[in-house]
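Structure at a glance
Okay, here's what each chain looks like letter by letter:
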Amino acid sequence: MQDIKQYIEQHKQRLLDELFELLRFPSVSADPKYKPDVLKTADYVAKKLSEAGADHVEICQTAGYPIVYGEKIINPSKPTVLVYGHYDVQPPDPLELWKTPPFEPTIRDGKIYARGACDDKGQFYMHVKAFELMMQNGSLPCNIKFMIEGEEEVGSNNLGIFVKANKEKLKADVVLISDTSMISMEHPSLETGLRGLSYLEVEVTGPNRDLHSGVYGGAVANPATILAKMIASLHDENNHVAIPGFYDEVIALTDAERKEINAAPYNEEEYKKDLGVAELWGEKGYTTFERTGTRPTLEVNGIWGGYIGEGAKTVLPSKANAKISMRLVPNQGSEKITQLFTDHFLKIAPPSVKVKVTPHHGGEPAVTPTDSIAYRAAQLAITESFGKTPIPTRGGGSIPIVSLFEAELGIKTVLMGFGLDSDALHSPNEKYDIFNYYKGIETIPLFHKYFAELSK
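Here goes a summary of the coordinates provided. Sequence order as written defines residue numbering, which begins from 1 separately in each chain. Local features are withheld for residues below a pLDDT of 70 in this predicted model, meaning they are given only at 70 or higher, and side-chain atom pairs are given and counted only at 80 or more; totals for whole chains, interfaces and linings count all residues. Think of the side-chain values as coming from all heavy atoms in the structure, minus any hydrogens and water.

Before going further, it helps to examine the side chain of Glu-152. Position of Glu-152 relative to the elements: it lies in the loop between β6 (143-149) and α5 (159-165). We note that Glu-152 is buried and unpaired, the nearest opposite charge coming from Arg-327 at a distance of 7.8 Å. A polar contact is formed between the side chain of Glu-152 and the side chain of His-86, at a distance of 3.3 Å. Discounting chain neighbours no more than four positions away, the residues touching Glu-152 are Tyr-84, His-86, Asp-88, Asp-179 and Ser-398. Elements are defined by DSSP. Helices are runs of H or I of four residues or more, strands are runs of E of two residues or more, and each kind is numbered from the N terminus. Only protein chains enter the accessibility calculation, which uses a 1.4 Å probe. A residue is then buried if its area is under 20% of the maximum for its type, exposed if over 50%, and partly exposed in between. Charged residues are defined narrowly, with Lys and Arg counted positive, Asp and Glu counted negative, and His plus the chain ends left uncounted. The rule for a salt bridge is simple: a side-chain nitrogen of Lys or Arg has to be within 4 Å of a carboxyl oxygen of Asp or Glu. Two N or O atoms form a polar contact when they lie within 3.5 Å of each other; inside protein one atom must be a possible hydrogen donor and the other a possible acceptor, and for residues adjacent in sequence the pair counts only when both atoms belong to side chains. Throughout, a residue-residue contact means that at least one pair of heavy atoms, one from each residue, lies within 4.5 Å.

We now examine unusual backbone geometry. Note on backbone geometry: most residues besides glycine have negative phi, and most peptide bonds are trans. In this chain, Asp-93 is followed by Pro-94 through a cis amide linkage whose omega measures -5 degrees. Turning to its location among the elements, Pro-94 is positioned in the loop between β3 (80-86) and β4 (106-108). Of note, the amide linkage connecting Asp-119 to Asp-120 takes the cis form, showing an omega dihedral of 0 degrees. Structurally, Asp-120 is set in the loop between β5 (111-113) and α4 (121-137). Residues other than glycine seldom take positive phi values, yet Asn-331 does so here, at roughly 90 degrees. Looking at the element boundaries, Asn-331 is found in the loop between β15 (319-328) and α11 (334-347). The phi dihedral of His-426 falls on the positive side, at around 70 degrees, and the residue is not glycine. Examined against the element boundaries, His-426 turns out to sit in the loop between β20 (419-420) and β21 (431-433). The exposure class assigned to His-426 is partly exposed, which follows from its relative accessible area of 40%.

Our focus in this paragraph is the pairing of strand β1 (residues 56-60). Bridge count between β1 and strand β2 (residues 67-72): five bridges; the pairing is antiparallel. Across the sheet, residue Cys-60 finds its bridge partner in β2, namely Ile-67. Between the end of β1 and the start of β2, which pair antiparallel, lie six residues. A pair of strands is labelled paired if DSSP reports no fewer than 2 bridges between them.

This part takes up a nonpolar patch on the surface. Excluding any residue in a salt bridge, patches collect residues exceeding 30% relative accessible area, merging like charges within 9 Å and nonpolar Val, Leu, Ile, Met, Phe, Trp and Tyr side chains within 5 Å. Per-residue and other accessible areas follow the Shrake-Rupley method at a 1.4 Å probe size, with only the shown protein chains counted as cover for residues. On the surface, a cluster of nonpolar side chains totalling about 240 Å² of accessible area is made up of Val-215, Tyr-216 and Val-220. With a relative accessible area of 32%, Tyr-216 lands in the partly exposed category.

Here α11 contains 14 residues, and its C-alpha end-to-end distance of 20 Å stays within 8% of the 20 Å for a straight helix at 1.5 Å per residue. Turning to α11, the residues buried within the fold contact β11 (196-205), α7 (223-232), β13 (297-305), β15 and β16 (354-363). An expected span of 1.5 Å times one less than the residue number is assigned to each helix.

For the rest of this paragraph, the subject is the packing of helix α1 (residues 2-10) against helix α2 (residues 12-23). Interaxial distance between α1 and α2 falls to 4 Å at its minimum, and their mutual angle equals 65 degrees. Comparing their axes, α2 and α1 come out roughly perpendicular. On α2, the residues that touch Tyr-7, Ile-8, Glu-9 and Gln-10 of α1 are Lys-12, Arg-14 and Leu-15. Each residue gets one of three labels, nonpolar for Ala, Val, Leu, Ile, Met, Phe, Trp, Tyr, Cys and Pro, charged for Asp, Glu, Lys and Arg, and polar for the others, Gly among them. Of the residues belonging to the contact of α1 with α2, the class tally is three nonpolar, one polar and three charged. In this analysis an axis means a line fitted to C-alpha atoms, helices contributing only their contacting stretch, and an angle means the value between N-to-C directions, from 0 to 180 degrees. Working rule for angles: under 35 degrees goes down as roughly parallel, over 145 as roughly antiparallel, 65 to 115 as roughly perpendicular, anything else as oblique.

Glancing now at the packing of aromatic side chains. Two rings belonging to Phe, Tyr or Trp (six-membered ring only in the last case) form a pair when the distance between their centres is within 6.5 Å. Interplanar angles under 30 degrees mark stacking, angles over 60 mark edge-to-face geometry, and anything in between is tilted. Using the criterion set out here, one finds 11 aromatic pairs in the structure. Both rings, one in Phe-246 and one in Tyr-247, keep their centres 5.1 Å apart while their planes meet at 80 degrees; by these two values the pair is edge-to-face. Exposure remark for Phe-246: the relative accessible area of 1% places this residue in the buried category. On the basis of relative accessible area, Tyr-247 is assigned to the partly exposed category, the value being 22%. Each residue in the set Tyr-266, Tyr-271 and Phe-289 is aromatic and connected to the rest through ring pairs, giving one cluster. Whether a charge sits over a ring comes down to the Lys NZ or Arg CZ being within 6 Å of the ring centre and within 35 degrees of the ring normal. One Lys or Arg, Lys-439, reaches over the ring of Phe-386 and ends 5.1 Å from the middle of that ring. The ring of Tyr-450 has Lys-449 sitting right over it, with the charged end atom 4.0 Å from the ring centre.

Further remarks concern the nonpolar core. Membership of the largest hydrophobic core comes to 71 residues, with the highest contact counts inside it found for Tyr-87, Met-416, Tyr-437 and Phe-447. For this core, the leading source of residues is helix α14 (residues 434-454), giving 10 residues. For Met-416, the residues in contact, after removing those within four places along its chain, are Leu-176, Ile-177, Ser-178, Thr-180, Leu-190, Ala-378, Ile-382, Ile-444 and Phe-447. Side-chain atoms within 4.5 Å are what join buried Ala, Val, Leu, Ile, Met, Phe, Trp, Tyr and Cys residues into a set we call a nonpolar core.

What follows covers the sheet that holds β21. One open sheet holds the three strands; their spatial order is β4-β5-β21, and the pairing between them is antiparallel. Each of the sheet's edge strands pairs with one partner strand only, and the pair in question is β4 and β21. Direction aside, neighbouring strands of the sheet carry axes that sit 30 degrees apart on average. As defined by bridge partners, β5 adjoins β21 across three bridges and the pair is classed as antiparallel. Bridge assignment links Lys-111 to a residue of β21, and that residue is Asp-433. The strands touched by α14 are β4, β5 and β21; relative to β21, the strand with the most contacts, the crossing angle is about 60 degrees.

By themselves these figures say nothing about function.
Below you can see the structure in the form of structure tokens.
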């Protein structure tokens, strides 16, 4: 541990400067105008893996953005860790809400503000620098492989194809991912599960053109109004999702499981204050931890229609649209839920409009075992680094490739994230604490140490 801390202290500024270089690339995978920048980011990641000590680094082309692969095999008989991360980021919009430019990292109060600071550049880059540290100290105890993709934020459409075609290349004993969060640095935690995802877009069309709302208002159905009513009907008075069959495969938690989940530290007043809300909202009969980690949800991610520019324009729009995501829990399948939503949404549409549902992407929920060698190694690493045993939690987000790795490679995943729920992922002013960044670099070598020892 002393050698690890000494290395980080000696190279502190360089470790931060390199992360800032990475954050300056606007690697937005969702918007084609950023394509040159996404490709430059892949080049940068490959360069840094080589400099860190990887023997073999390649930029693997896909039908979309490339996957950066690197490896260091010290002994084929030793265990192998496959590190996964992603170099693409969410769009920075709305730009006017950023206090500083999203692709010019800025430090305020010990926090790095930039798009991708936490999700996932800051977190996957910890692994690159931890690898460098182990190589420089001669302490790498096991084989390590890196697979850093550029399409996670748009559904990882080409990752499955790559994994299926490269099973031997990716052969490993465990997948290690830092793309999740902890309760806090005072209360370190390890996520033991993730929700799945069904993401789609709906379009409601009324008249064949935008209409004057004075001339036609009251005589023709307004698609924006109809869409609002349809969306409102998707939850009942207890905030349950009101789609027939939606909960059919959901397995109720046992009393013991609920007790364990709710044992984590939680202050509702601080939670509300941080979010700027006067009251929480959610499915009746469940706590905040249960709602955000163990229950399925349906949320509107975007909604538009008609005139939204400056000033007034009295128009009755021809179309209205919304983007909707559903987070899924174990046993729920993304394809089935997508079909249930589609059938229901078409059924509840009134004859006055036409409705179209377009699926975008999805992924399956995943639960990681807490009795594995890898999980135990993560526990020991965090305990040594933080001085506290990590609390097991369930993550509310989705990393669809976790179930893919298990299905195609036959290996489980350890979710050892160092972000915080308050890091504003996918929002303006995304941040990542400098302390968390260095703490990750400190903890990751300990995971490799304990994983190698426990695997003997």
